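Coordinate analysis (summary)
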Amino acid sequence: MIGNGTASLSRAIGATLFLTSFLAGLAPAQSVETELARKQIYLGEAVTYRVHVLNAEPESAPDLQLEDMGVEYRGQGSQISSFNFNSRNMSATRKLTYEYKLVPEKSGRLVIPGPTVELPGGETLQGPKRTLRVIPPEKQDLVIGQIALDPPQVYPLQPFLVTLKLFVHVLPDEYRDQDPLRFLADQPPALEVPWVEEISGLRSNSLSDWLGSRKSNNAPRGQTSWGFTINGLQEAQRSFFLFDRQTDRTIVFDLKGRPATEQDVDGTPDLAGRAADYWVYSLEREYVPESLGNYRFGPVSIKGQFLDKELRNGRGQGRDIYTLAPAIEMNVRNVPEQGRPDSYTGAFGKFRVSAELTPRKVRVGDPMTLTLSVIGNGNLEDIAPPPLKSVPAISDHFKIYEATSETRDQQRVFTWSLRPSHAELTELAPIPFSYFDVDKERFVTIRTEPLMIQVEEAARMDAQEIVAARPETVSDSTTLQARTEGLFAPITDSRGLRVQSTNVIALSAYLGALGFLYLAALLMIPRWKRLREDPTHRRRRGAAPRCRERLAQFRKAVAEQNLSEASTSARLALAGVVADAAQVPEAGLTSREVRDHLTRLGVEESLGERTAKLLDDWEASLYGMPPEDLNALTTSTGDLSEQLLRALKKEGHLT
């Protein structure tokens, strides 16, 4: 009996130890891993850097503060669960990935410190550091890049031009007058131009409008096309064979090469007096700044094989070149301090104003509502209310309450509550509004029209005029009586009076419910604020409305038979919602990338394929399509957009 008891106890202890080991294996340790896509790059190139958080839920994405390196957060990757089995236990691993784009600003051996990840409750995890070797460009004069700004400084809303110039040395001897890139058609040099991506605070034309006309892939049959690739941009390519699948090809852009002049090399000291030895290629883009600040353009990297300017054995030799066009900054300056009127509240552009006051007929002390509308082209969202309290013609005659502001229907609207202070008033004086005219580069003050009003003295009542509705059961003698204790109504019949009692149970339940709601609000408000302030959540929340707005523009373009606008709006609606869900830049997104992002987001493969095909079909429609095909394409766009929104919401990528 004793032996059996001992054996049972041993088995119980063994089972407990096994269960403990098994449960421990289900909760592996929390840790942070880091990953560099490449260990060695050229100065000016970008590299992808990922932070993997294992078995933990961070408060937010790691904030990388790196010296001598530009950092761009590209978004959060999908959470992956995996199970590992071995002879001793089973473990489950959850991985959350944060992706960044790093752009070194100097060459050499750069150390990327291990990121710190903050967990709920104040805990932190530290990731390992990584080392990146950054190779400086080779010193040479075969290919030279330059970035220029015209003008070098602007005020907000003043357009400026960014120009990239590329100087390539002419070919030797009898080929001197021929475009050097003509002989590189099979391997066009590659450019990395940072401002292909949208720049917050700057307005410009779309990527297709900017670069569409420069595509050299569409050269007439029998003619060779050449040029540069830009940021690896691709487009769909259709095969002539019936059963071949559609593929993507890298777009080559014609930058209109020509022999350089001395005017072209102005600003490039190394080329002064040597313009005849170079061909020049140009890429321009116009911007309109909508906010203040410094905007950096560049550096632009030029990478590829170029023909050497020297002959070897009677032939030009290919030479691998990597060089940079140095970065340049545009300063969008603030309006001048000198000469600012007292009524200036931050407006720049060109505006007109109008005012409305209601009601127009009041007594002294009655409330009135004043509305000022500012309409025009400028920074409407940033304009503050004009300081009415600083306008004596208004503040001396009205009590003025704080204004409310909103932007609606392309205008800025300010609303005040006013109370007239005396009966002699016949008008509300003109309201001054000042703005900085960016075209004339000076301050302008405009005024509203005076508003006619009628103000009467406030009514006054004595004690005999203060009356109240009397119950039928109360005697007619309701005249107020003055006594030393105060004013009393001589009520003699107590039947007109009733006792008001309080329901204690109902009151307690009411107060308890209020307390519960208050506690619930205390718990939910911080979480709600975090969600509202999170840029990822904000972008995903606005994805569906933005998609439907673009679909409305698409349907309008179809109704107006504007095929180009319809094609652009349809592609923006489809590609834009995928970019928002995947937290990637929208500009330059190809159909293949859209399909790949949908796959990573867990959307059904067939839906991703149909979306990519529809994007390609809209691109092809610009080159001609039968009416019946176009009608089918229009119907498919609306249906597929709704399916895409439902699928992304189902997977939790849109809210």
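Scroll up for the structure.
Numbering of residues starts from 1 in every chain and runs along the sequence as written. Reporting of local features is limited, given that this is a predicted model, to residues whose pLDDT is at least 70; pairs of side-chain atoms are given and counted only at 80 or more, and all residues count toward the totals for whole chains, interfaces and linings. Hydrogens and waters are ignored; side-chain quantities use all the structure's heavy atoms.

**Brief notes about the overall build of the protein**
- Secondary structure counts use DSSP, requiring at least four H or I residues in a row for a helix and at least two E residues in a row for a strand, with both numbered from the N terminus. Helix and strand counts for the protein stand at 10 helices and 37 strands.
- When checking whether two residues touch, look at their non-hydrogen atoms; a contact exists if any pair is within 4.5 Å. Pairs at least 24 residues apart make up 68% of the contacts formed inside the protein by residues separated by at least 6 positions.

**Structural notes on the packing of aromatic side chains**
- Centre distance within 6.5 Å is the pairing criterion for rings of Phe, Tyr and Trp, where only the six-membered ring of Trp is used; planes under 30 degrees apart are then read as stacked, over 60 as edge-to-face, and the remainder as tilted. Applying the stated rule across the entire model yields 17 aromatic pairs.
- Between Tyr344 and Phe443, the aromatic rings sit 5.2 Å apart at their centres with planes inclined by 75 degrees, giving edge-to-face as the arrangement. Of the two residues, Tyr344 is situated in strand 25 (residues 344–358) and Phe443 in strand 33 (residues 442–447); the sequence distance between them amounts to 99 residues.
- A relative accessible area of 13% places Tyr344 in the buried class.
- Aromatic pair Phe433 and Tyr435: ring centres 6.5 Å apart, planes at 35 degrees, arrangement tilted. This pair shows no difference in class: Phe433 is buried, exactly as Tyr435 is.
- Within the aromatic cluster, the residues linked to one another by ring pairs are Tyr155, Tyr344, Phe436 and Phe443.
- Look at NZ for Lys and CZ for Arg. If either is within 6 Å of the ring centre and within 35 degrees of the ring normal, a charge sits over the ring. Just above the ring of Tyr155 sits the side chain of Arg333; from NZ or CZ to the centre is 4.3 Å.
- Here the guanidinium or amino end of Lys399 rests over the ring plane of Tyr401, the centre of that ring lying 5.3 Å away. For every residue, the accessible area (1.4 Å probe, protein chains only) is compared with the maximum for its type, and the residue is labelled buried under 20%, exposed over 50%, or partly exposed between those bounds.

**Observations concerning the nonpolar core**
- We define a nonpolar core as any set of buried Ala, Val, Leu, Ile, Met, Phe, Trp, Tyr and Cys residues linked to one another through side-chain atoms lying within 4.5 Å. Phe160, Leu164, Leu191, Val193, Trp195, Phe297 and Phe306 are the most contacted members of the largest nonpolar core, which totals 41 residues.
- Elements represented by at least two residues in this core include exactly strand 11 (143–150), strand 13 (160–169), helix 2 (207–211), strand 20 (278–289), strand 21 (293–297), strand 22 (300–312), strand 23 (315–325) and strand 24 (328–332).
- Among the elements that make up this core, the one with the highest residue count is strand 13 (five residues).
- Each residue touching Val193, except ones within four places of it in the same chain, is listed here: Leu164, Ile230, Asn231, Leu283 and Val300.

**Some words on the environment of Arg214**
- In this structure, Arg214 sits in the loop between helix 2 and strand 16 (229–230).
- Owing to a relative accessible area of 15%, Arg214 belongs among the buried residues under this scheme.
- Through-space distance from the C-alpha of Arg214 to that of Lys256 is 8.6 Å; in sequence the pair is 42 residues apart.
- Setting aside chain neighbours within four positions, we find Arg214 in contact with Val252, Phe253, Asp254, Leu255, Ser282, Leu283 and Glu284.
- Whenever two N or O atoms come within 3.5 Å, that pair is a polar contact, provided that in protein one can donate a hydrogen and the other can accept it, and provided that, for residues adjacent in sequence, both atoms are side-chain atoms. Side-chain polar atoms of Arg214 contact the side chain of Glu284, separated by 2.8 Å.

**Digging into the sheet that holds strand 7 (residues 108–112)**
- At least two DSSP bridges between two strands are required for those strands to pair. Ordered by their spatial adjacency, three strands build an open sheet running 2-10-7, and the pairing between neighbours is mixed. Strands with a single pairing partner mark the edges of an open sheet, and in this sheet they are strand 2 (40–42) and strand 7. When strand polarity is set aside, the average angle formed by the axes of neighbouring strands in this sheet is 30 degrees.
- As paired strands, strand 2 and strand 10 (residues 130–135) are joined by three bridges and run parallel to one another. By the bridge assignment, Tyr42 is partnered in strand 10 with Ile135. Only the contacting stretch of a helix is used when fitting its axis, a line to C-alpha atoms as for every element, and angles between N-to-C directions run 0 to 180 degrees.

**Section: the pairing of strand 32 (residues 432–437)**
- Most of strand 32 sits out of view: six of its six residues are buried.
- Here strand 32 shows a buried face lined by Pro432, Ser434 and Phe436 and a second buried face lined by Phe433, Tyr435 and Asp437.
- Pairing geometry for strand 25 and strand 32, over three bridges, is parallel. Directly across from Tyr344, in strand 32, lies its bridge partner Ser434.
- Judged from the six bridges that link them, strand 32 and strand 33 form a sheet pairing that is antiparallel. Note on strand 33: the bridge partner recorded for Tyr435 is Val444.
- Remark: four residues form the turn of the hairpin made by strand 32 and strand 33, two consecutive strands paired antiparallel; Glu441 in that turn has positive phi of roughly 55 degrees.

**Some remarks on helix 7 (residues 563–582)**
- Here, expected helix span is obtained from the residue count minus one, scaled by 1.5 Å. In this model, helix 7 (20 residues) spans 29 Å end to end at C-alpha, consistent with the 28 Å of a helix rising 1.5 Å per residue.
- Buried residues dominate helix 7, accounting for 15 of its 20 residues.
- Looking at where helix 7 begins, the residue whose side-chain oxygen comes 3.1 Å from the main-chain nitrogen of Glu565 is Asn562.
- Trailing helix 7 by a residue or two, Gln583 shows a phi angle of about 60 degrees, which is positive.

**Structural notes on the sheet that holds strand 21**
- On the basis of which strands lie adjacent, the open sheet formed by three strands has the order 12-24-21 and mixed pairing. Two strands bound the open sheet, and with one partner strand each, they are strand 12 (153–154) and strand 21.
- Sheet topology note: the strand 21/strand 24 ladder contains five bridges and is antiparallel. Paired with Phe297 across the two strands is Ile328, which belongs to strand 24.

**Some points on the side chain of Arg285**
- Tracing the sequence through the fold places Arg285 in strand 20.
- All tallies of charge rest on Lys and Arg as positive and Asp and Glu as negative; His and the ends of each chain are not included. A side-chain nitrogen of Lys or Arg and a carboxyl oxygen of Asp or Glu constitute a salt bridge if their distance falls within 4 Å. Although Arg285 is buried, it forms no salt bridge, and the closest oppositely charged side chain is Glu198 at an N-O distance of 7.3 Å.
- A polar atom in the side chain of Arg285 sits 3.0 Å from the backbone oxygen of Trp195.
- Filtering out sequence-adjacent residues up to four positions away, Arg285 remains in contact with Phe160, Leu161, Val162, Trp195, Val196, Ser204, Asn205, Ser206, Leu207 and Trp210.

**Digging into the pattern of salt bridges**
- All chains considered together, the criterion is met by 26 salt bridges.
- For Asp439, the salt bridge goes to Lys350, with nearest N and O atoms at 3.8 Å. Linking Asp439 in the loop between strand 32 and strand 33 with Lys350 in strand 25, this pair joins segments that are 89 residues apart in sequence.
- Owing to a relative accessible area of 61%, Asp439 belongs among the exposed residues under this scheme.
- Between Glu406 and Arg408 there is a salt bridge whose closest N-O contact spans 2.4 Å.
- On the basis of relative accessible area, Glu406 is assigned to the partly exposed category, the value being 37%.
- By relative accessible area, Arg408 is classed as partly exposed at 37%.
- Each of Glu35, Arg50 and Glu99 takes part in salt bridges that share partners, so that together they form one network.

**What about the side chain of Ser373?**
- Topologically, Ser373 is positioned in strand 27 (residues 368–378).
- Taking the relative accessible area as the measure of exposure, Ser373 reaches 13% and is therefore buried.
- Those residues in contact with Ser373 that lie beyond four places of it in its chain are Arg352, Val353, Ser354, Gln411, Arg412 and Val413.

**Remarks on unusual backbone geometry**
- Look at the link from Gly298 to Pro299: it is a cis peptide, with omega at 0 degrees.
- With respect to the helices, strands and loops of the structure, Pro299 is situated in the loop between strand 21 and strand 22.
- Following Thr358, the chain continues into Pro359 via a peptide bond in cis, with omega recorded as -10 degrees.
- With respect to the element layout, Pro359 can be found in the loop between strand 25 and strand 26 (361–363).
- Although it is not a glycine, Asn55 sits at a positive phi angle of roughly 60 degrees.
- Along the polypeptide, Asn55 turns up in the loop between strand 3 (47–54) and strand 4 (69–76).
- By relative accessible area, Asn55 is classed as buried at 7%.
- The residue Gln583 is not glycine, and still its phi comes out positive at about 60 degrees.
- Its place among the elements puts Gln583 in the loop between helix 7 and helix 8 (591–600).

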